[in-house]
Amino acid sequence: MDERHLKYLYTALAVVFGLPSLAMGGVVAAMFLVLGLQSFGRNSDPNLVLLAWGLAGVVGCLAWLWLSAGYLLQGRAGLQVRAVWWWLLLVGGLAALPVLWLAAWAGFQEGGSALEVLLLGPSMLVPAAMLVWIKRRA
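Residues numbered from 1 in each chain as written. Predicted model: local features only at pLDDT ≥ 70, side-chain atom pairs only at ≥ 80, totals over all residues. Heavy atoms only, no water.

Peer 1: How do you make sense of the nonpolar core when you look at a structure like this?
Peer 2: Formed by 18 residues in total, the largest nonpolar core has its most connected members in Y10, W64, Y71, L89 and L131. Elements represented by at least two residues in this core include exactly α1 (3–38), α2 (48–74), α3 (83–109) and α5 (125–137). With residues up to four places along the chain from it excluded, the contact list for W64 reads Y10, A14, G18, L19, L22, L89, M124, P127, A128 and L131. (Core = buried A, V, L, I, M, F, W, Y, C linked by side-chain atoms within 4.5 Å. Buried < 20%, exposed > 50% of the residue type's maximum accessible area, 1.4 Å probe, protein only. Helix = DSSP H or I, 4+ residues; strand = E, 2+ residues; numbered from the N terminus. Contact = heavy atoms within 4.5 Å.)

Spelled out as structure tokens, the structure:
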């Protein structure tokens, strides 16, 4: 497959899977980050799990946006960025794994609610995996 067809395929995957996940999962990640930061101001123990999970989700979303824009604007040369962006994408992918487990559990229990849970982050794993695949192919 040539570069032009790969870009079309990636754009379709990013629009169908990435953008809904960015909108919903990004908002939830930012909310977790804010709740984690607010827990430091109270007299109770700070909620480090929410803070770390929210931060991982936000940096994963930002890394996906940066790498996607680089690829769509510059092609494979746009994926030759500093390694920190790939590590941040990995952190965001790891933050999506508990949500993926929750979606599988909800799918077995209730059936219909699993799709909504998948839009909270795990669906972004599809275009992120394609970015990694394109980079490894180059």
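Peer 1: Looking at this structure, how should I read the packing of aromatic side chains?
Peer 2: The geometry of an aromatic ring pair is captured by the separation of the ring centres together with the interplanar angle, meaning the angle of the planes. Under the counting rule described, the total for this entry stands at three aromatic pairs. Between F32 and W53, the ring centres sit 5.4 Å apart and the planes meet at 45°, which makes this aromatic pair tilted. Of this pair, F32 sits in helix α1 while W53 sits in helix α2, placing them 21 residues apart in sequence. Relative accessible area serves as the criterion here: at 31%, W53 is assigned to the partly exposed category. With a centroid separation of 5.0 Å and an interplanar angle of 15°, the aromatic rings of W66 and W85 are classed as stacked. (Phe/Tyr/Trp six-rings, centres within 6.5 Å; stacked < 30°, edge-to-face > 60°.)

Peer 1: How should the packing of α1 against α2 be read in this particular structure?
Peer 2: Angle between the axes and distance between the axes: these two values describe a pair of packed helices. Running from amino to carboxyl end, α1 crosses α2 at an angle of 155°, the nearest separation of the two axes being 8 Å. One way to sum up the angle between α1 and α2 is to call them roughly antiparallel. The chirality of how α1 crosses α2 is left-handed. For the contact of α1 with α2, a count of residues per class yields 21 nonpolar, eight polar and two charged. (Axes fitted to C-alpha atoms, helices over the stretch in contact; angles between N-to-C directions. Parallel < 35°, antiparallel > 145°, perpendicular 65-115°, else oblique. Left-handed = near helix turned anticlockwise from the far one by under 90°. Nonpolar A, V, L, I, M, F, W, Y, C, P; charged D, E, K, R; others polar.)

Peer 1: Just to check I follow, could you spell out the packing of α2 against α3 for this structure?
Peer 2: The N-to-C vectors of α2 and α3 enclose an angle of 130°; their axes lie 7 Å apart at closest approach. Viewed along their axes, α2 and α3 adopt a mutual orientation that is oblique. In the crossing of α2 with α3, the sense of the turn from one axis to the other is left-handed. Between α2 and α3, the residues in contact are W53, A56, G57, V59, G60, L62, A63, W64, W66 and L67 and W85, W86, L88, L89, V91, G92, A95, P98 and V99, respectively. Taken together, the residues of the contact of α2 with α3 sort by class into 16 nonpolar, three polar and no charged.

Peer 1: Please explain the pattern of salt bridges as it appears in this structure.
Peer 2: Oppositely charged side chains can form a pair if their charged atoms are brought close together. Using the criterion set out here, one finds one salt bridge in the structure. The partner of E3 in a salt bridge is R76, and the shortest N-O contact between them spans 3.3 Å. With E3 in helix α1 and R76 in the loop between α2 and α3, this residue pair connects regions lying 73 residues apart in the sequence. Assessed through its relative accessible area of 25%, R76 is described here as partly exposed. (Salt bridge = Lys/Arg side-chain N within 4 Å of Asp/Glu carboxyl O.)

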